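Survey of secondary and tertiary structure
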Amino acid sequence: MLKKKLASVMLVLAMVLGMSGTAWAIEDLPVAVENVSPEIYNEENNVCGPEALSIINDNKVFNYFEGIRTTNELEVVGVTEKSVYVSETIGKDQSIIDSHLMSVDEVSAYKAKKVDGGLSYQGADIEVGDATDTMYNLTIYLVVYKDRYHNYSAYGTATWENIFEIIGNGEKNPSRGLDFMALTWGGGGELELQNSSFTGYYQVTGDEIESSKAKSDSYSGYCWQFKDVEQFIPFGNEYYMKEATCSVDLSKTYVKYLAKKTNIIFTYIHTYEEHTGSVSFTAGSSGLAGEVSLSGTSKSWQLEVDVTGLWY
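The text that follows walks through the structure, step by step, so that each part is easy to find.

1. Brief notes about helix H2 (residues 59-72)
For H2, with 14 residues, the first-to-last C-alpha span of 20 Å sits near the 20 Å given by 1.5 Å per residue. Inspection of H2 places Val61, Phe65 and Ile68 among the buried residues, and these make up the whole buried set. The arc that holds the buried residues of H2, viewed along the axis, is 50°, so those residues lie on one side. Exposed residues lying more than 90 degrees from the buried face of H2 are Asn59 and Thr71. Glu73 occupies a position one or two residues after H2 and carries a positive phi of about 55°.

2. Notes on the nonpolar core
Counting 40 residues, the largest nonpolar core has Leu138 and Tyr268 as its most contacted members. Ranked by residue count, the leading element in this core is strand S12 (residues 237-252), at six residues. Excluding anything up to four places from it in sequence, Leu138 contacts Lys82, Ser83, Val84, Val86, Ala158, Thr159, Trp160, Tyr268, Trp301 and Leu303. Judged by nonpolar contacts, the second largest core, of 14 residues, contains Leu53, Val76, Val79 and Tyr141.

3. Comments concerning the pattern of salt bridges
It is possible for side chains of opposite charge to pair when their charged atoms get near one another. Evaluated as defined, the whole model comprises five salt bridges. With its nearest N and O atoms 3.6 Å apart, the salt bridge here joins Lys111 to Glu43. Here the residue Lys111 occupies a position in helix H3 (residues 104-115), and Glu43 occupies one in strand S1 (residues 43-48), the gap between them amounting to 68 residues. Judged by relative accessible area, Lys111 falls into the partly exposed class, the value being 32%. In this structure Glu43 comes out as partly exposed when scored by relative accessible area, which is 37%. A salt bridge links Lys82 to Glu44; its shortest N-O distance comes to 3.5 Å. Of the two residues, Lys82 is situated in strand S2 (residues 75-91) and Glu44 in strand S1; the sequence distance between them amounts to 38 residues.

Each value, and the rule that gives it
Note that residues are indexed from 1 along each chain, following the sequence as it is written. For a predicted model such as this one, the threshold for reporting local features is a pLDDT of at least 70, and the threshold for listing and counting side-chain atom pairs is 80 or more; totals across whole chains, interfaces and linings nevertheless cover every residue. Neither water nor hydrogens contribute to the side-chain values; these are computed over all heavy atoms in the structure. In this description a helix means any DSSP run of H or I spanning at least four residues, a strand means any run of E spanning at least two, and both kinds are numbered starting from the N terminus. A helix is expected to span 1.5 Å for every residue after the first. Using a 1.4 Å probe on the protein chains alone, a residue whose accessible area is under 20% of its type maximum counts as buried, one over 50% counts as exposed, and one in between counts as partly exposed. Of all possible arcs, the one meant is that of the directions from the helix axis to the C-beta atoms. Put simply, a nonpolar core is a bunch of buried Ala, Val, Leu, Ile, Met, Phe, Trp, Tyr and Cys residues held in one set by side-chain atoms that sit within 4.5 Å of each other. For this analysis, residues touch if any pair of their heavy atoms sits within 4.5 Å. Salt bridge, as used here, is a side-chain nitrogen of Lys or Arg placed within 4 Å of a carboxyl oxygen of Asp or Glu.

Written as structure tokens, this is what we have:
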């Protein structure tokens, strides 16, 4: 697409120069900037305060977080949600050619096709030569609570929608790699991890997702890794993760109130190759939460959301 746009620009320039009677050498023209990414489509909402849960439109997700609030007598600090669309291109041999977050233009075309009735179900399978483009919707939520002592609990949830049966034939298919979910926090060592948890399930089968620790630091973050695709043995089919939630409970390392402020970040990383690489935490500046990065693979993308205003 970029090459086509550049070619069009060059053609217009040539016509303009020809009309003006001015002759410039090719090397005199401005150099085009390569690798300019189109604007990624996302819908993001952030609300702070006790009524922040009201921004969650998914009733199941809302009821889950409201239940945590009432059961544990916690106050909601803030909620951030972000929704994106994902395009994956799968070859005839079931190899994964590409996976990326869709641009504004791509999502507009996808939604127009849905309105026109061009899709038989909410997920989109579109044949493109020897490959199939499949579009999904992914939404992530970060909800942060606090108790009366300014101890915090943070929950990161990821939900995939518009997912149906994807690929089959079990181990002959390429590995989709591991996905990662992480919660990182600031405080410069003054907020300490007390508890961590992960739960999730696959679509269609409803089987529980098994996770393991990818990286942890008691004073800065915790990251889980898991398979986002499950093989359904009776028929040899494979199914995507439908929903997963990770959480951490943090307590102050000082009894007294320090009147300091920090934030918490929730990160979701998707990979689509067998060799996944390793996770690392980047230290945040000025007492803020650090970020999560994945090294050792280029076949990945990630999303982040944060909640600010954590006083302790």
